[in-house]
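# Chain and residue survey
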Amino acid sequence: MDVNENSTAAKMREIARQVFFETLDEISIPRVFRQKVEYSRGMLRVEDDLYDLGSYARVLVVAMGKAAHTMLESLIAQTGPALEGIVVCSEPPQSQQPGFRYFSGGHPLPTEESVRGARAILKYISGLNDNTVVIYLISGGGSAMVEVPREEEISLEDLVTTYRALVLSGATIGEINAIRKHLSAVKGGRMAQAAYPARQVSIMVSDVPEHSLDALASGPTMPDSSTTEDCYRIAERHGITSELPASVRSLFDDRALDETAKSDDPAFVNSRWWPILSSSSAAQAAASLISKHGFAVEIDNTPDDWPYDRAAEYLLRRLRELRQGVSRVALISAGEITVKVSGAGGIGGRNQHFALHCARQIAGENITVLSAGTDGIDGNSPAAGAVVDGTTIQRALVRGMDAAQALSRFDSFPFVEKLEDAVISGSTGHNVRDVRVLLAW
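Residues numbered from 1 in each chain as written. Predicted model: local features only at pLDDT ≥ 70, side-chain atom pairs only at ≥ 80, totals over all residues. Heavy atoms only, no water.

## Notes on the side chain of Arg 395
Mapped onto the elements of the fold, Arg 395 is located in helix H14 (residues 392-398). At 2.7 Å, the side chain of Arg 395 forms a polar contact with the side chain of Asp 421. Contacts of Arg 395, omitting those with residues within four sequence positions, involve Arg 13, Asp 389, Leu 419 and Asp 421. (Helix = DSSP H or I, 4+ residues; strand = E, 2+ residues; numbered from the N terminus. Polar contact = N/O pair within 3.5 Å; in protein donor to acceptor, adjacent residues only side chain to side chain. Contact = heavy atoms within 4.5 Å.)

## A short note on the pattern of salt bridges
Enumeration according to the criterion identifies 29 salt bridges in this entry. The residue Arg 150 makes a salt bridge to Asp 258 at a minimum N-O spacing of 3.1 Å. Of this pair, Arg 150 sits in the loop between helix H5 (142-145) and helix H6 (156-167) while Asp 258 sits in the loop between helix H10 (246-253) and strand S9 (271-277), and the two are 108 residues apart along the sequence. A relative accessible area of 37% places Arg 150 in the partly exposed class. Between Asp 230 and Arg 233 there is a salt bridge, with its nearest N and O atoms 2.5 Å apart. Here the residue Asp 230 and the residue Arg 233 both occupy positions in helix H9 (residues 228-237), the gap between them amounting to three residues, near one helical turn. In the salt-bridge network here, residues are joined through shared partners; they are Asp 304, Asp 305, Glu 336, Arg 350, Arg 433 and Asp 434. (Salt bridge = Lys/Arg side-chain N within 4 Å of Asp/Glu carboxyl O. Buried < 20%, exposed > 50% of the residue type's maximum accessible area, 1.4 Å probe, protein only.)

## Thoughts on the sheet that holds strand S2 (residues 43-46)
Across the sheet, which stays open at both edges, the three strands sit in the order S1-S2-S3 with antiparallel pairing between neighbours. Only two strands of the sheet have a single partner each, and these edge strands are strand S1 (37-40) and strand S3 (49-52). Taking the axes of each pair of neighbouring strands and ignoring which way they run, one obtains an average angle of 15° across the sheet. Bridge count between S1 and S2: four bridges; the pairing is antiparallel. (Pairing = 2+ DSSP bridges. Axes fitted to C-alpha atoms, helices over the stretch in contact; angles between N-to-C directions.)

## Concerning the pairing of strand S7 (residues 132-139)
Of all the eight residues making up S7, eight are buried; the element is thus mostly covered by neighbouring parts of the structure. Across the two faces of S7 the burial is the same, with Thr 132, Val 134, Tyr 136 and Ile 138 and Val 133, Ile 135, Leu 137 and Ser 139 all buried. Relative to S7, strand S4 (residues 58-64) runs parallel, the two being bridged by seven bridges. Looking at S7, one finds that Val 61 is bridged to Ile 135. Pairing analysis gives seven bridges linking S7 to strand S8 (residues 199-205), with the strands arranged parallel. Opposite Tyr 136, over in S8, you have Ser 202 as the bridge partner.

## Focus on helix H11 (residues 279-291)
The terminal C-alpha atoms of H11, which comprises 13 residues, lie 19 Å apart, in line with the 18 Å expected from a rise of 1.5 Å per residue. Along H11, the residues classified as buried are Ser 279, Ser 281, Ala 282, Ala 283, Ala 285, Ala 286, Ala 287, Leu 289 and Ile 290. (Expected span 1.5 Å × (residues − 1).)

## What to know about the packing of H6 against helix H7 (residues 173-183)
Two elements in contact, H6 and H7, have axes whose closest approach is 10 Å; the angle formed by their N-to-C orientations is 160°. For the element pair H6 / H7, the angle class is roughly antiparallel. Here the hand of the crossing between H6 and H7 comes out right-handed. Every residue of H7 that contacts H6 at Thr 162, Tyr 163, Leu 166 and Val 167 is listed here: Ile 176, Ile 179, Arg 180 and Leu 183. For the contact of H6 with H7, the class distribution of residues is six nonpolar, one polar and one charged. (Parallel < 35°, antiparallel > 145°, perpendicular 65-115°, else oblique. Left-handed = near helix turned anticlockwise from the far one by under 90°. Nonpolar A, V, L, I, M, F, W, Y, C, P; charged D, E, K, R; others polar.)

## A closer look at the nonpolar core
Phe 33, Leu 75, Ile 135, Leu 137 and Ile 203 are the most contacted members of the largest nonpolar core, which has 61 residues in total. Once you skip the residues sitting within four places of it in the chain, Ile 135 turns out to touch Leu 44, Val 59, Leu 60, Val 61, Val 62, Leu 75, Val 201 and Ile 203. (Core = buried A, V, L, I, M, F, W, Y, C linked by side-chain atoms within 4.5 Å.)

## Considerations on the packing of helix H2 (residues 29-36) against helix H3 (residues 68-79)
Taken N-terminus to C-terminus, the directions of H2 and H3 make an angle of 40°; their axes are 9 Å apart at the nearest point. Regarding the angle of H2 to H3, the classification is oblique. Considering how the two elements wind past one another, H2 and H3 form a crossing that is right-handed. Residues Ile 29, Pro 30, Phe 33 and Arg 34 of H2 form the contact with H3, whose own contacting residues are Thr 70, Met 71, Ser 74, Leu 75 and Gln 78. Here the contact of H2 with H3 is built from residues that sort into five nonpolar, three polar and one charged.

## Notes on the side chain of Glu 113
Looking at the secondary structure, you find Glu 113 in helix H4 (residues 112-125). Here Arg 116 takes part through its side chain, which lies 2.6 Å from a polar atom of the side chain of Glu 113. Apart from the residues lying within four places of it in its own chain, the contact partners of Glu 113 are Tyr 102, Phe 103, Ser 104 and Gly 105.

## Digging into the sheet that holds strand S14 (residues 422-423)
In a beta sheet, neighbouring strands pair by backbone hydrogen bonds and run either parallel or antiparallel. The strand order S10-S11-S15-S12-S13-S14 describes an open sheet built from six strands, whose pairing is mixed. Each of the sheet's edge strands pairs with one partner strand only, and the pair in question is strand S10 (296-299) and S14. The pairing of strand S13 (residues 385-389) with S14 spans two bridges and is antiparallel. Directly across from Gly 385, in S14, lies its bridge partner Val 423. Against the sheet, helix H12 (residues 308-323) makes contact with S10, strand S11 (329-335), strand S12 (367-373) and strand S15 (434-440), and its axis sits at roughly 155° relative to S11, the strand it touches most.

Pasting the structure below:
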């Protein structure tokens, strides 16, 4: 590429970066709450449902996940402060609401506070009657932040070991959460069972595939579509059992997992679920924003939960096909890809690994690829993701950097940081999965 092409490539990287940051603004929780949750004269509207809060003896709120604080603040901005409940988030709140108890659960691994928070919720919602309504505010990260094992023999140390084995197994989030559900006293609809016969409504900011809403926070308030047999198959397929501690491994060896709550459970008769934000929200926002820069745009979420290399091959092939018909084309893809980490690993995450892998496939081409997480966090790095293009590999070689080596060590962040191609937003306080923006010009 000549100097002018390098200048254009830099401009395209900046456009992709700008679109990502603007997408984060478009999908902010306060903005979406103002559109989809409304309170007036004692009536709470959640999407198409109406709740006369004044007609209930008690109105309880349980907020959990990365967006717990933001969702609660957005709800109270509508209803006023006359609510009570429990909040579990990994970060402390800037200020606490009166009437609420706060817990700082762990993420991505559960902690003692995760267990205390889960037990507090179960105690809080147990023994209710049908003259009570429970409003759940659920977002990604709730699986680790709110957790207590179903079996007393499973210690916190065993729980952490199990979570680590699942995350590093290469299994999809749906597969990981299927196993989590069957080991938990709160997941897989068991929280809803504890609150029965209260009226229950879940307001959800989803970081799971569109067709698998019961995987969000491992589905504490929803019927579970996975089964014990699924868990045994998943563990065998990914070689997970041998990595589990003895207290958990025995449940698989003896096929002794307890089944979770299913759709015919009475707990779900008076339960409703509303995903007000999801990965499709992010994809649609990004597509609208990039079109303003003169790109023909297509959304393709097909490679959701695919291995990173297969997803890259699919999306780049699709982009090149679209490029044949127009001068500038953008392909938007939401969802997550999987990376199986071997060895100790370096500093990075799935988005940076995906982007760096793409950089090797597009060397010398007029293509830009951005991949970043809407929670602002990618793996164990301070970045949300990375943006690369056809100049990335050449710019790295000039600095004596080896992309293949960085990939083999799962050490993508130092690589993209040195090139100033890391995408850093800081924690956004919520998560609707990852966004990929691919440009060809």
